[in-house]
Amino acid sequence: MSRIGKMPIAVPAGVDVKLEGPHITVKGPKGTLETDIVPGIDVNIAEGVINVTRRNDEKKSRSYHGLTRTIVNNMVTGVTSGFSKSLEVSGVGYRAAKEGNKLVMNLGFSHQVTVEEEDGITIDVPSQNQIIINGIDKQKVGRFAADIRRKRPPEPYKGKGIRYSDEVIRRKEGKTGAK
């Protein structure tokens, strides 16, 4: 039995969960999320608790059991408190600023790099070296943060570039001028 899959999901007050066949909809104070449940997985809603079970012990059902529970749990968490990713911009002359609904970054290129906000994603720039991405969909927030990081990933010699705030960059030693 999946250790993650068998854990119940508590539904907080103010969150409405509807199950219509294989389609689940979660509404909360921050918004609405919906997804389809994989065949072979059952979702039961009773008295403020969601339980995810599998119909059989086939390999595919076992694989999707914990995954489905985690996705539903992330939906409940997203509509109540939301998710955020924090990025840091480091390097001489590297900076970020928000202009309207666009993120404008100077990353050492001959041009500015501009990224526009997507639906359900908000960008905050508290300082010129920090970017915070907020949203209710964990997958969307993570993908958007990865797309921004991809514009200038951190390099291992000086550590310049865009990195997650909790990311550790393994630094390499540069060339020595040995004769």
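Residues numbered from 1 in each chain as written. Predicted model: local features only at pLDDT ≥ 70, side-chain atom pairs only at ≥ 80, totals over all residues. Heavy atoms only, no water.

### A look at the overall build of the protein
For step 1, the next point in the chain: Within the protein, the secondary structure is distributed over two helices and 13 strands.
For step 2, the next point in the chain: Radius of gyration (C-alpha) of the protein: 21 Å, far over the 16 Å computed for a compact globule of 179 residues.
For step 3, the next point in the chain: When burial is assessed residue by residue, the protein has 32% of its 179 residues classed as buried.
For step 4, the next point in the chain: Here the contacts in the protein between residues at least 6 apart in sequence split such that 49% fall between residues at least 24 apart.
For step 5, the next point in the chain: Of the roughly 11000 Å² that the protein leaves accessible, carbon and sulfur atoms contribute 48%.
For step 6, the next point in the chain: Taken together, the 30 basic and 21 acidic charged side chains of the protein have centroids lying 9 Å from each other. (Helix = DSSP H or I, 4+ residues; strand = E, 2+ residues; numbered from the N terminus. Rg over C-alpha atoms; globule rule 2.2 N^0.38 Å. Buried < 20%, exposed > 50% of the residue type's maximum accessible area, 1.4 Å probe, protein only. Contact = heavy atoms within 4.5 Å. Areas by Shrake-Rupley, 256 points an atom, 1.4 Å probe, with all protein chains shown as cover. Lys, Arg positive; Asp, Glu negative; His and termini not counted. Charge placed at Lys NZ, Arg CZ, Asp CG, Glu CD.)

### Considering the sheet that holds strand β2 (residues 16–20)
For step 1, the next point in the chain: One open sheet accounts for three strands, arranged β2-β3-β4; its pairing is antiparallel. Across the chains shown, the open sheet's two edge strands, defined by having one partner strand only, are β2 and β4 (31–36). Each adjacent strand pair in this sheet contributes to an overall mean axis angle of 15 degrees, direction not counted.
For step 2, the next point in the chain: Bridging between strand β3 (residues 23–28) and β4 involves six bridges; their strand directions are antiparallel. Along β4, the bridge assignment pairs T25 with E34. (Pairing = 2+ DSSP bridges. Axes fitted to C-alpha atoms, helices over the stretch in contact; angles between N-to-C directions.)

### Section: the pairing of strand β10 (residues 113–116)
For step 1, the next point in the chain: Residues V113 and V115 point to one face of β10 and are all buried, whereas T114 and E116, pointing to the other face, are not buried.
For step 2, the next point in the chain: Alignment of strand β9 (residues 102–106) against β10, held across four bridges, turns out to be antiparallel. Across the sheet, residue V104 finds its bridge partner in β10, namely T114.
For step 3, the next point in the chain: Hairpin connection between β9 and β10: a loop of six residues separates the two successive antiparallel strands, and G108 in this loop has a positive phi of roughly 85 degrees.

### Focus on the side chain of R54
For step 1, the next point in the chain: Mapped onto the fold, R54 is located in strand β6 (residues 49–54).
For step 2, the next point in the chain: Take R54: its relative accessible area is 15%, and that puts it in the buried class.
For step 3, the next point in the chain: For R54, the side chain forms a polar contact with the side chain of D57, separated by 3.1 Å. (Polar contact = N/O pair within 3.5 Å; in protein donor to acceptor, adjacent residues only side chain to side chain.)

### Quick notes on the sheet that holds strand β7 (residues 83–90)
For step 1, the next point in the chain: Overall, antiparallel pairing links the four strands, which are arranged β11-β12-β7-β13 in an open sheet. The open sheet terminates on both sides in strands that have one partner only, identified here as β11 (121–127) and β13 (161–164). For this sheet, the mean inter-axis angle between neighbouring strands, taken without regard to orientation, is 25 degrees.
For step 2, the next point in the chain: Pairing analysis gives six bridges linking β7 to strand β12 (residues 130–135), with the strands arranged antiparallel. Bridge pairing in β12 links E88 to Q130.
For step 3, the next point in the chain: The sheet strands contacting helix α2 (residues 138–150) are β7, β11, β12 and β13, and the helix crosses β7 at an angle near 10 degrees.

### Digging into helix α1 (residues 59–80)
Because each turn of an α-helix spans 3.6 residues, side chains separated by three or four positions in sequence point in the same direction.
For step 1, the next point in the chain: For α1, with 22 residues, the first-to-last C-alpha span of 33 Å sits near the 32 Å given by 1.5 Å per residue.
For step 2, the next point in the chain: Turning to α1, its buried residues are S61, H65, G66, T68, R69, V72, N74, M75, V76, G78 and V79.
For step 3, the next point in the chain: At the C-terminal side of α1, G82 shows a positive phi close to 80 degrees. (Expected span 1.5 Å × (residues − 1).)

### Focus: the nonpolar core
The tendency in soluble globular proteins is for nonpolar side chains to be buried side by side.
For step 1, the next point in the chain: L103, M105, I131, I133 and I148 are the most contacted members of the largest nonpolar core, which has 19 residues in total.
For step 2, the next point in the chain: The element that contributes the greatest number of residues to this core is α2, accounting for four residues.
For step 3, the next point in the chain: The residues contacting M105, other than those within four sequence positions of it, are R95, A96, Q112, V113, V115, I131, I148, K151 and I162.
For step 4, the next point in the chain: By size, the runner-up hydrophobic cluster in this structure holds 17 residues, among which are I9, V26, I37 and V79. (Core = buried A, V, L, I, M, F, W, Y, C linked by side-chain atoms within 4.5 Å.)

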